[in-house]
Amino acid sequence: MKTTLSVQYAGKEFSEKELIAQIKKIWTEDGNKIKDIQTLDLYIKPEEWTTYYVINGSVRGSLPF
C-alpha cells in the first residue's frame, strides 16, 4: 500500500515527503549516514509552524515549515 500525507494549514501546504527530505539533509549535514536512520517520528504542530522529530528514539530536533 502506498500512502501520501499532506498537511494544509492557514493557506500553506506541505507533505510528509518534503519534511523527511529536510530532516535527512540535516542528518547528513551533521556527518551521519541515511542508512543509520532506523526510526523517524514526526510531530507536526501547525499552531507553532514547526515540525518536531525524533530519530532512532533519541536524536531530537525541529524545523519550521
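Residues numbered from 1 in each chain as written. Predicted model: local features only at pLDDT ≥ 70, side-chain atom pairs only at ≥ 80, totals over all residues. Heavy atoms only, no water.

Description of the pattern of salt bridges
Worth spelling out the cut-off: Should a side-chain nitrogen of Lys or Arg be within 4 Å of a carboxyl oxygen of Asp or Glu, the pair is scored as a salt bridge. The secondary structure listing takes helices from DSSP runs of H or I that are at least 4 residues long and strands from runs of E that are at least 2 residues long, numbered from the N terminus.
One pass over the full model with this rule turns up two salt bridges. Across the pair E29 and K25 runs a salt bridge whose closest N-O atoms are separated by 4.0 Å. Linking E29 with K25, this pair stays in helix α1 (residues 16–29), spanning four residues, or about one helical turn. With a shortest N-O distance of 3.0 Å, E48 and K45 are connected by a salt bridge.

Side note on the environment of Y52
Inclusion rule: With a 1.4 Å probe rolled over the protein chains alone, any residue whose accessible area is under 20% of its type maximum counts as buried; one over 50% counts as exposed, and the rest are partly exposed. Any two residues whose heavy atoms approach within 4.5 Å are treated as being in contact. Polar contacts, as counted here, are pairs of nitrogen or oxygen atoms within 3.5 Å of one another; within protein the pair requires one atom able to donate a hydrogen and one able to accept it, and residues that are adjacent in sequence qualify only if both atoms are side-chain atoms.
Mapped onto the secondary structure, Y52 falls in strand β4 (residues 50–55). Y52 gets classed as partly exposed once you look at its relative accessible area, which sits at 31%. Spatially, the C-alpha atom of Y52 lies 16 Å from that of Y9, the residues being 43 residues apart in sequence. Look past the residues within four positions of Y52 in its chain and what remains in contact with it is D41, L42, Y43, K45, G61 and S62. Within polar-contact distance, the side chain of Y52 engages the side chain of E48 at 2.6 Å.

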